Every structure is written in structure tokens, then in C-alpha cells.
Amino acid sequence: MQVVSIISTKGGVGKTTTAANLGGFAADAGLRVLLLDLDVQPTLSSYFTLAARAPAGIYEMLAYNEQRPEQLVSHTVIERLDLVLSNDDRGELNTLLLHAPDGRLRLRHLLPTLAPRYDLLLIDTQGARSVLLEMAVLASNLALSPVTPEILAARELRRGTLQLIEDIAPYRHLGIEPPPLHLLINRVHPVSSNARLIQRALRQVFQGQSGVRVLDTDVPAIEAYPRAATRGLPVHRVEYRQPAGRAAPAALDTMRALASELFPAWQERFALVNGRGDAGGAGHGQRA
Ligand SMILES: Nc1ncnc2c1ncn2[C@@H]1O[C@H](COP(=O)(O)OP(=O)(O)OP(=O)(O)O)[C@@H](O)[C@H]1O
Ligand SMILES: [Mg+2]
């Protein structure tokens, strides 16, 4: 099971959008995907319509160590796409985990029960530093951080991002390596900005920083993303063809490029995904 946390020290950069669309795309490629909503604001939890809502959610999972899938796991209407709902309405988890000796490792310790059931676990987080965020990163084999071009201009970016990696570094003494951090440039304006220039600038900011990589794939700012969210669909099903006269590629092509860059081992499955959600016979339900 691949575990990816989607993180940022800034809010509103596209974490939830990335989690929902990457999850929906991987599920349509035949992978078994679990979304974990760690944000107090349950945006990811309400992105997709639920086919079956579980009685419990993230609160019971982390506070009471609930592990029974029938209690914990809700099913979305997208086949193979499951969800653990955010239900920490009063925001208690953070304090609870802060004071628990195993707080930051709690999610990591729950992974063995999830691993046989899913190929991919995607963790959406809140746009601020917290124990929950550190817990998510410590459970991941990859951290993915969307960066918008405006934020690139902020001095805060390098400091905030590197501070997080530094803070979890002491866990090396417990044999836990901090995951590599991949930066995804999101919401690039197709007309006014040059994606290559932004990429180069971002690479310069993190030059010489081991463990940080700027992805080659960038995500254009297109109206298909909010439209897909409104319709509760993964964006590749909403825009599978490039609109005439637009420079930016179709959302389907962007999601395929992103998924393939993150998980090259599944590239062949990703190549088969189309806009209909049936992946043209990608071998549904099989293990990758
Ligand atoms: N590539 C894109 N093109 C156009 N709109 C986008 C794109 N990515 C995200 N958005 C829009 O930007 C808004 C913020 O995105 P999103 O909610 O995913 O951010 P977030 O990082 O999860 O925010 P928060 O920190 O509040 O959780 C949403 O309305 C979303 O539809
Ligand atoms: Mg969000």
C-alpha cells in the first residue's frame, strides 16, 4: 500500500482538490483507494456522494483505536473509492494526540490493518502546522505539497516547508525515515504565467535540499476543477478532452501525467483510464 499525505503550511493551495482527483483517477484505473480526511473542515468528506456512510470516522479511529472497517470506512459512489470521514467537529484530536505518548505515531501503527485492503491511501490535511499533520507525514512514504505561483513569491515557503521536515527528523532514531517531499505546482494561469519559469524558480528555492523534488507535472488553473467539485466527480471524468482554443491540456491528461509521475509502477493502468470511469478494462479489483 502506497501512503501519500497531501500537505502544506499554507491554506487554500489545492490539497483537497488534489486528494479527491488523484483518488478518483486511481480508483478508475482499477486501484483500491482509501481517502483519509484529517481536516477539521470536512471538505474532502463531502466532495463525493456516499453510497454507504459508516457510523464512525477519523475521531473513533484515532481516539479509540477503532479498526473495524464496517465501523470506519464509508463508500463513495465511485467504485473502489472509500473514505474515512472527518468527524472531529470540536477539534479535539490535536490536543489528544499532543498529550498521548504515541500521538504522532498513531496513524502509522494503524496501517497494517489497512494495507491488505487498499493499494493507495491518500491523506488530506489541514493547511496549518499541527500534531495531526506531523502524524500524517510520519505515516507516509511520500508527502505531496501543492504550491501555487503566488505562494512561490512568499519567503515563508522554504522556511515553513523545511521546518516541518526538520521537526520530524528526530524520528530517525526510531527507525522512521521522513518521506520524500514532492512539490506540485498548482493553479498555473495558462495565459499569464509560464509554467516552466515557475518550475525553475521553485527548483532554485529548494536547490541542494535533499528529499525535496519539484514535480515535472504542473496543474493549470482551469474552471474544470471547481466544476468537478460542484458535481462531485473526479475531474478527469468532467474534462477528458482539451477544449478547442485552450493551451492547457485536458484535466484527464494532467491527472494521468501526475499519477504516472508519482507512481510509475502503475503507469500502464493509468494509460487506460478514460473519461467514462470504466478504464477500458484496466483489470478492476486486482492487486497492483
Ligand atoms: N488547478 C486548479 N484550477 C482551478 N481551481 C482550482 C485548482 N485547484 C484548486 N482549485 C480551487 O481552489 C479552491 C481551493 O482548493 P482546495 O479546497 O483544494 O484547497 P485546500 O488546500 O484543500 O484548502 P484548505 O487549506 O482550506 O483545506 C477550490 O475552490 C478549488 O476548486
Ligand atoms: Mg482542504
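This text follows the structure it describes.
Values in this document were obtained by computation on a predicted structure and should not be read as measured data.

## A short note on the side chain of threonine 217
Summarising the element assignment, threonine 217 is placed in strand β9 (residues 212–220). Here the side chain of threonine 217 touches alanine 257 through a polar contact of 3.5 Å, landing on its backbone oxygen. When sequence neighbours within four positions are dropped, the list of residues in contact with threonine 217 reads Leu184, Gln199, Thr254, Ala257, Leu258 and Glu261.

## Things to note about unusual backbone geometry
In this structure, asparagine 65 takes a positive phi of about 60° despite not being glycine. Mapped onto the elements of the fold, asparagine 65 is located in the loop between α2 (58–63) and α3 (69–72). Residue class for asparagine 65 comes out partly exposed when judged on its relative accessible area of 46%. Despite not being glycine, arginine 80 has its phi angle at roughly 70°, a positive value. As for its position among the elements, arginine 80 is in the loop between β4 (74–76) and β5 (81–84). By relative accessible area, which is 14% here, arginine 80 ends up buried.

## Considerations on empty space enclosed by the protein
On inspection of all chains with the given rule, the structure shows four cavities of 30 Å³ or more. If you go around the largest cavity, you meet 16 residues; those closest to its centre are Ser8, Thr9, Ser145, Leu157 and Thr161. When contributions to the lining of the largest cavity are tallied by element, the ones reaching two or more residues are β7 (142–147), α8 (156–168) and β8 (181–188). Among the elements that make up the lining of the largest cavity, the one with the highest residue count is α8 (five residues). Residue classes in the lining of the largest cavity are distributed as 10 nonpolar, four polar and two charged. Here the second largest cavity defines a volume of roughly 60 Å³. Along the walls of the second largest cavity sit Thr17, Thr18, Asn21, Leu184, Asn186, Val219, Tyr225, Met255 and Leu258, which together make up its complete lining. Of all elements in the fold, only α1 (15–28), β8 and α12 (251–262) reach the threshold of two or more residues within the lining of the second largest cavity.

## Notes on the environment of valine 131
By the element assignment, valine 131 lies in helix α6 (residues 131–138). Accessibility expressed as a relative area gives 6% for valine 131, which makes it buried. Each C-alpha atom, one on valine 131 and one on threonine 95, is 8.1 Å from the other, the two residues being 36 residues apart in sequence. Look past the residues within four positions of valine 131 in its chain and what remains in contact with it is Asn94, Leu97, Leu98 and Arg104.

## Observations regarding the sheet that holds β5
A sheet is described by the order of its strands in space; here nine strands give the open sequence β3-β4-β5-β2-β6-β1-β7-β8-β9, paired in mixed fashion. Of all the strands in the sheet, just β3 (50–52) and β9 have a single pairing partner and so form its edges. For this sheet the average axis-to-axis angle between neighbouring strands, irrespective of direction, equals 30°. Sheet topology places strand β1 (residues 2–6) next to β7; three bridges connect them, and they run parallel. Bridge pairing in β7 places serine 5 opposite alanine 143.

## Overview of α8
For α8, spanning 13 residues, the distance from its first C-alpha to its last is 19 Å, which sits close to the expected 18 Å at 1.5 Å a residue. Taken together, the buried positions of α8 are Leu157, Gly160, Thr161, Leu162, Leu164 and Ile168. In this structure, the buried side of α8 is in contact with α6, β7, α7 (149–152), β8, α9 (195–205) and β9.

## Brief notes about the site of ligand 1
Within the structure, ligand 1 sits among 16 residues, and Gly12, Lys15, Thr16, Thr17 and Pro220 are positioned closest to it. Valine 13 is positioned with one of its backbone polar atoms (N or O) 3.1 Å from an oxygen atom of ligand 1. In this structure, an oxygen atom belonging to ligand 1 sits 2.5 Å away from a side-chain N or O atom of threonine 17. With the chains in place, 74% of the 640 Å² that ligand 1 exposes on its own is no longer accessible. Mapped onto the shell around ligand 1, the elements with two or more residues apiece are α1, β8, β9 and α10 (224–231). In terms of residue count, the dominant contributor to the shell around ligand 1 is α1 (three residues). Per-class residue counts for the shell around ligand 1 are seven nonpolar, six polar and three charged.

## A closer look at the pairing of β7
Burial of β7 is extensive: six of the six residues sit out of reach of the surface. What you see with β7 is no split at all: Leu142, Leu144 and Pro146 on one side and Ala143, Ser145 and Val147 on the other are buried throughout. As judged from the five bridges shared by β7 and β8, these two strands associate in the parallel manner. Its bridge partner lying in β8, proline 146 is registered against leucine 184.

Conventions adopted
- Residues numbered from 1 in each chain as written.
- Chains lettered and ligands numbered in written order.
- Predicted model: local features only at pLDDT ≥ 70, side-chain atom pairs only at ≥ 80, totals over all residues.
- Heavy atoms only, no water.
- Helix = DSSP H or I, 4+ residues; strand = E, 2+ residues; numbered from the N terminus.
- Polar contact = N/O pair within 3.5 Å; in protein donor to acceptor, adjacent residues only side chain to side chain.
- Contact = heavy atoms within 4.5 Å.
- Buried < 20%, exposed > 50% of the residue type's maximum accessible area, 1.4 Å probe, protein only.
- 1 Å grid on protein atoms, 1.4 Å probe; cavity = no way out; pocket = protein on both sides within 12 Å on 5 of 7 lines; lining within 4 Å.
- Points joined across faces, edges and corners; volume = space filled by probe spheres on them.
- Nonpolar A, V, L, I, M, F, W, Y, C, P; charged D, E, K, R; others polar.
- Pairing = 2+ DSSP bridges.
- Axes fitted to C-alpha atoms, helices over the stretch in contact; angles between N-to-C directions.
- Expected span 1.5 Å × (residues − 1).
- Near = heavy atom within 4 Å.
- Areas by Shrake-Rupley, 256 points an atom, 1.4 Å probe, with all protein chains shown as cover.

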